[in-house]
Amino acid sequence: MIPAAFDYARASSLAQAIDLLRDDPDGTKLLAGGHTLLPALKLRLASPELLVDIGGIAELKGIEISETGIRIGTLATHAELFASEPLYRELPIFRQTASLIADPQVRNRGTIGGSLANADPAADWPAVVVALQAEIEIVGPNGLRRVAARDFFIDIFSTVLEPDEILVSVHIPRPRTGMHFIYRKIRHPASGFAVVGIAVGVRLQEGAVDEISIGVTGAANHAFAGQRASDFLIGKTLSPDNIEQAAKLLSETTACLSDRYASAEYRANLIRIETRRALFALAS
Ligand SMILES: Cc1cc2nc3c(=O)[nH]c(=O)nc-3n(C[C@H](O)[C@H](O)[C@H](O)COP(=O)(O)OP(=O)(O)OC[C@H]3O[C@@H](n4cnc5c(N)ncnc54)[C@H](O)[C@@H]3O)c2cc1C
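A quick note: this is a predicted structure, and the numbers were derived from the prediction, not measured.

Participant: Talk me through the overall build of the chain; I want residue IDs and the actual numbers.
Facilitator: Along its length, the chain carries twelve helices and 14 strands. Against the globule reference of 19 Å for 284 residues, the chain gives a C-alpha radius of gyration of 19 Å, in line with a compact fold. Taken along the three principal axes of its C-alpha coordinates, the chain extends 60 × 45 × 35 Å. A burial count over the chain gives 49% of its 284 residues as buried. Across the chain, the 28 positively charged side chains and the 33 negatively charged ones have centroids separated by 7 Å.

Pasting the structure below:
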């Protein structure tokens, strides 16, 4: 439980962090809230030469809501996302999801950026950012780029982020009037992480689904969008039969993970049940 020796630098600006990272991207780790990285260091699952603390970088902070959308700096902690009243008024799903993450200690330190960059297949935010059709802003030696959240996660603990890049912010388009989101999660009884987590947003027009977006976490190697189920529901009512059919389609979308706690078949069934519950809640 003692990490290997490493050097430590606290970056005061994004430019400085990029410079520090550029020297030896593979031997350097960025430190945000530390609630994933520090246990990994102690277990020697990671042994970087240099730890770059990004916790003081102003450009990575803040929650801003404008006419066009919402910008969340990657250093926003789960607790800040829970507490922000403007964000709650715009997208209550942030408070709802943050309340389901771990305990107050973890929520006070853990950041949305750390969670997304780490890409734990059972983390909660990935499903939410996929359902919100967010874009993730990344900076590296070649400047800024944006990646759609649904294309950001590529495998277990793996994203499109290059070793010399830093996740800067999450950009969410302002939801259209009448669009409501919900997050449902079956927690692992020991860790509290999602065995399956489903984020769904629906907008109804004259009783029929006008817009829908679904993100799933916990079930597979990485978070994914439930496109087939969404396509199926467009233009239809949220009747029990349509909900059942959409939930079934979603549960058949991917090969689910299997482990000692939950088989692939069990996870697929949880997708079906949680999707059904989310859609019934949104229908009412
Ligand atoms: C007991 C416990 C319970 C938990 N339960 C849950 C849960 O129920 N649901 C859930 O979703 N999570 C859970 N977590 C994880 C928690 O939310 C972590 O805080 C989060 O996943 C990582 O955020 P962090 O800021 O601590 O990142 P760190 O630990 O600092 O970093 C994690 C990784 O991301 C990289 N990184 C961090 N920031 C950036 C950036 N801006 N750009 C590029 N790379 C970056 C780091 O280099 C590192 O590789 C739990 C953690 C613990 C310890």
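Participant: Outline the sheet that holds strand β1 (residues 7–10), supporting the account with residue identities and numerical values.
Facilitator: Across the sheet, which stays open at both edges, the three strands sit in the order β1-β3-β2 with parallel pairing between neighbours. Here the strands that pair on one side only, and so sit at the sheet edges, are β1 and β2 (28–31). Between one strand axis and the next, the sheet turns through 25 degrees on average, direction left out of account. By the bridge criterion, four bridges tie β1 to strand β3 (residues 50–53) in an arrangement that is parallel. By the bridge assignment for β3, Tyr8 is matched with Leu51.

Participant: Mind laying out helix α11 (residues 240–251), listing which residues take part and the relevant values?
Facilitator: Spanning twelve residues, α11 covers 16 Å between terminal C-alpha atoms, matching the ideal 16 Å at 1.5 Å per step. If you check which residues of α11 are buried, you get Asn242, Ile243, Ala246, Ala247, Leu249, Leu250 and Ser251. Looking at the buried residues of α11, the elements they touch are β12 (194–205), β13 (208–217), β14 (224–225), α10 (227–233) and α12 (264–283).

Participant: Lay out the site of the ligand in plain terms, naming residues and giving numbers.
Facilitator: In the vicinity of the ligand lie 28 residues, with Leu30, Leu37, His78, Thr111 and Asp124 positioned nearest. In the environment of the ligand, an oxygen atom lies 2.7 Å from a nitrogen or oxygen atom belonging to the side chain of His78. A distance of 3.1 Å separates an oxygen atom of the ligand from a polar backbone atom of Gly192. In isolation the ligand has 980 Å² of accessible area, and contact with the protein removes 89% of it. Among the secondary structure elements, those contributing two or more residues to the shell around the ligand are β2, α7 (112–118) and β10 (166–173). Taken together, the residues that form the shell around the ligand break down as 14 nonpolar, eleven polar and three charged.

Participant: A description of the sheet that holds β12 should follow, citing residues and the corresponding values.
Facilitator: Across the sheet, four strands lie side by side as β11-β12-β13-β14; this open sheet has antiparallel pairing. Of all strands in the sheet, those bounded by a partner on one side alone are β11 (179–187) and β14.

Participant: I'd like a rundown of the environment of Gly201, residues and numbers included.
Facilitator: For Gly201, the position within the fold is in strand β12. For the pair formed by Gly201 and Ser66, sequence separation is 135 residues and the distance between their alpha carbons is 20 Å. Ignoring sequence-local partners within four residues, the contact set of Gly201 consists of Met179, His180, Phe181, Glu211, Ile212 and Ser213.

About the criteria used
Residues numbered from 1 in each chain as written. Predicted model: local features only at pLDDT ≥ 70, side-chain atom pairs only at ≥ 80, totals over all residues. Heavy atoms only, no water. Helix = DSSP H or I, 4+ residues; strand = E, 2+ residues; numbered from the N terminus. Rg over C-alpha atoms; globule rule 2.2 N^0.38 Å. Buried < 20%, exposed > 50% of the residue type's maximum accessible area, 1.4 Å probe, protein only. Lys, Arg positive; Asp, Glu negative; His and termini not counted. Charge placed at Lys NZ, Arg CZ, Asp CG, Glu CD. Pairing = 2+ DSSP bridges. Axes fitted to C-alpha atoms, helices over the stretch in contact; angles between N-to-C directions. Expected span 1.5 Å × (residues − 1). Contact = heavy atoms within 4.5 Å. Near = heavy atom within 4 Å. Polar contact = N/O pair within 3.5 Å; in protein donor to acceptor, adjacent residues only side chain to side chain. Areas by Shrake-Rupley, 256 points an atom, 1.4 Å probe, with all protein chains shown as cover. Nonpolar A, V, L, I, M, F, W, Y, C, P; charged D, E, K, R; others polar.

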